[in-house]
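Inside the fold
One letter stands for each residue in the lines below.
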Amino acid sequence: MVPSDSKIQFDHQGRLRHFLTINGLPKETLVQILDTAESFISFGQREIRKVPLLRGKTVVNLFFEPSTRTRTTFEIAAKRLSADVINLSAARMSTSKGESILDTARTLEAMHTDLFVVRDSASGASHLIASHLPEHVRVINAGDGRHAHPTQAMLDMFTIRREKGGFEGLKVAIIGDVLHSRVARSQIHALSTLGVDEIRLIGPRTLIPTEVEAMGVNVTSNMAEGLSGIDVVMMLRLQRERMDGQLVPSEQEYFNRYGLTDDKLSYANPDAIVMHPGPINRGLEIASSVADGDRSVILSQVTNGIAVRMSIMAKLMGGQEDP
Ligand code: CP
């Protein structure tokens, strides 16, 4: 059971203090994060890619699970905001000697660190840390169990807005292992809040949570039906490391039914974009010809993640003026 994050995210004056989940955040907050990220996006092309918004602050990347994209883009984002950055991973931390995640966080806070970016296999880990550290410390959820991956969803929203010009009237399909996906949960909250026309989940019933229709989505197991009229195709990784037992018959059969190929993509609108949070499993949930094709925005998602994470860190740390 994951505790409710919505209250703890705000300070006494109603300002966003932590970024733990998108569930419960108002549309204005999401739009403001996207707008600020827009002003950071040109940084990658500048000769000097730094602004002093977090100068003198220390950001700790606390990753108890593997990560390529999230950890690295958080590091780049924090450095572009002029913060000092410390990267810690499970193998290098004293949790491997039995210390609790909370004692690790308290120990690091005693060194006068300011912002924790936390990834853990346990749902609620970032909430636990946020609720036990002093008021001035900020926490960002970089993925907790199956629960939430809110910065991933925000960079996905940023990519959709750039590619499609907005959210109104869009039909979005989320395909694959929704059951184990923290990304899908955060995407559904963000897409609903930003007002897309329809969210469709496509996958085998064994990989779709039973309660999910209550989130206002439509569900189908049929790719042709599900992709019809779709503007944005969001693929998910088959999360075998989180599965108990055999939830798909075989990888080949899964690919045959749900793997995104050029043939299946032809059911969607001709200008539909293809997204994937990564890491991608080629030949399992997506064919290489689609992942590398001209409708794929997968690498743009990665690039956009830097600007979006800069925007979120700047917002939490109080530096919300334009760069
Ligand atoms: N999308 C995502 O979270 O990727 P990483 O696991 O590489 O951070």
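Here the structure is a predicted model, which is why all the values come from computation and not from measurement. (Residues numbered from 1 in each chain as written. Predicted model: local features only at pLDDT ≥ 70, side-chain atom pairs only at ≥ 80, totals over all residues. Heavy atoms only, no water.)

1. Things to note about the pattern of salt bridges
Condition: Salt bridges are defined by distance alone: a side-chain nitrogen of Lys or Arg within 4 Å of a carboxyl oxygen of Asp or Glu. Only DSSP runs of H or I covering at least 4 residues are called helices, and only runs of E covering at least 2 are called strands; the numbering of each starts at the N terminus. Think of it in three bands: with a 1.4 Å probe and only protein chains considered, a residue is buried below 20% of the maximum accessible area for its type, exposed above 50%, and partly exposed in between.
Overall, the coordinates contain 14 salt bridges when judged by the stated rule. Here Arg162 makes a salt bridge to Glu38, at a shortest N to O gap of 2.6 Å. Of this pair, Arg162 sits in helix 5 (residues 150-164) while Glu38 sits in helix 1 (residues 27-40), and the two are 124 residues apart along the sequence. Given a relative accessible area of 45%, Arg162 falls into the partly exposed group. Taking the relative accessible area as the measure of exposure, Glu38 reaches 28% and is therefore partly exposed.

2. Looking at the site of the ligand
Rules: The rule for a residue being near a molecule or strand is that one of its heavy atoms must lie within 4 Å of it. We define a polar contact as two N or O atoms separated by no more than 3.5 Å, with the added condition that, inside protein, one atom must be a possible hydrogen donor and the other a possible acceptor, whereas residues neighbouring each other in sequence contribute only through side-chain atom pairs. Per-residue and other accessible areas were derived by the Shrake-Rupley procedure at a 1.4 Å probe size, with only the shown protein chains allowed to occlude residues. Note on residue categories: nonpolar means Ala, Val, Leu, Ile, Met, Phe, Trp, Tyr, Cys or Pro, charged means Asp, Glu, Lys or Arg, and polar means any other residue, Gly included. Where each domain begins and ends follows an automated or database-derived domain assignment.
In the vicinity of the ligand, the contacting residues are Ser67, Thr68, Arg69, Thr70, Arg119, His149, Gln152, Pro277 and Gly278. Residue Ser67 places a side-chain N or O atom 2.6 Å away from an oxygen atom belonging to the ligand. In the model, a nitrogen atom of the ligand is placed 2.8 Å from a nitrogen or oxygen of the Pro277 main chain. Burial of the ligand by the surrounding chains reaches 92%, relative to a free accessible area of 250 Å². Class assignment of the residues belonging to the shell around the ligand gives a composition of one nonpolar, six polar and two charged. Both domains that meet at the shell around the ligand, namely domain 1 (7-148 + 303-317) and domain 2 (150-298), each give it at least three residues.

3. Topic: the sheet that holds strand 3 (residues 115-120)
The cut-off we apply is this: At least two bridges found by DSSP between two strands is the condition for calling them paired. A fitted line through C-alpha atoms represents every axis, and for helices the fit uses only the stretch in contact; the resulting angles, taken between N-to-C directions, go from 0 to 180 degrees. Any two residues whose heavy atoms approach within 4.5 Å are treated as being in contact.
Read from one edge of the open sheet, four strands run 2-1-3-4, paired in parallel fashion. Bordering the open sheet on either side are strand 2 (84-89) and strand 4 (138-144), each of which pairs with just one other strand. The sheet shows a mean angle of 15° between the axes of neighbouring strands, taken without regard to direction. Sheet topology note: the strand 1 (residues 58-63)/strand 3 ladder contains five bridges and is parallel. Residue Val59 lies in a different strand from strand 3, and its bridge partner there is Leu115. Against the sheet, helix 3 (residues 101-109) makes contact with strand 1, strand 2 and strand 3, and its axis sits at roughly 160° relative to strand 3, the strand it touches most.

4. Quick word on the pairing of strand 4
Let me state the cut-off plainly: By definition, the crossover connecting two strands over a helix is right-handed if that path, from the first strand to the second, turns clockwise as seen with the strands pointing away from the viewer.
A large share of strand 4 lies buried, amounting to seven of its seven residues. Pairing geometry for strand 3 and strand 4, over five bridges, is parallel. Each bridged residue has a counterpart across the sheet, and for Val118 the counterpart in strand 4 is Asn141. Considered for its hand, the β-α-β crossover made up of strand 3, helix 4 (residues 125-130) and strand 4 is right-handed.

5. Comments concerning the packing of aromatic side chains
We count it as follows: Two rings from Phe, Tyr or Trp (for Trp, the six-membered ring) form a pair when their centres sit within 6.5 Å of each other. Planes less than 30 degrees apart are called stacked, planes more than 60 degrees apart edge-to-face, and all others tilted. Our definition puts a charge over a ring when NZ of Lys or CZ of Arg is within 6 Å of the ring centre and also within 35 degrees of the ring normal.
Evaluation of the coordinates by the stated rule reveals one aromatic pair. Arranged with centres 5.6 Å apart and planes meeting at 40°, the rings of Tyr254 and Tyr258 form a pair that is tilted. Of the two residues, Tyr254 and Tyr258 are both situated in helix 8 (residues 251-258); the distance of four residues between them amounts to about one turn of the helix. Assigned by exposure class, Tyr254 and Tyr258 land together as buried. The aromatic ring of Phe255 is capped on one face by Lys264, whose charged end is 5.7 Å from the ring centroid.

6. Regarding the domain arrangement of the protein chain
On domain assignment, one finds that the protein chain holds domain 1 (7-148 + 303-317) and domain 2 (150-298). Inter-centroid distance (C-alpha atoms) of domain 1 to domain 2 is 26 Å. Facing the 35 residues of domain 1 at the interface are 26 residues of domain 2. Here Glu65 and Arg182 are joined by a salt bridge, their closest N and O atoms 2.9 Å apart. Applying the counting criterion to the domain 1 and domain 2 interface returns eight residue pairs in polar contact (both at pLDDT 80 or more).

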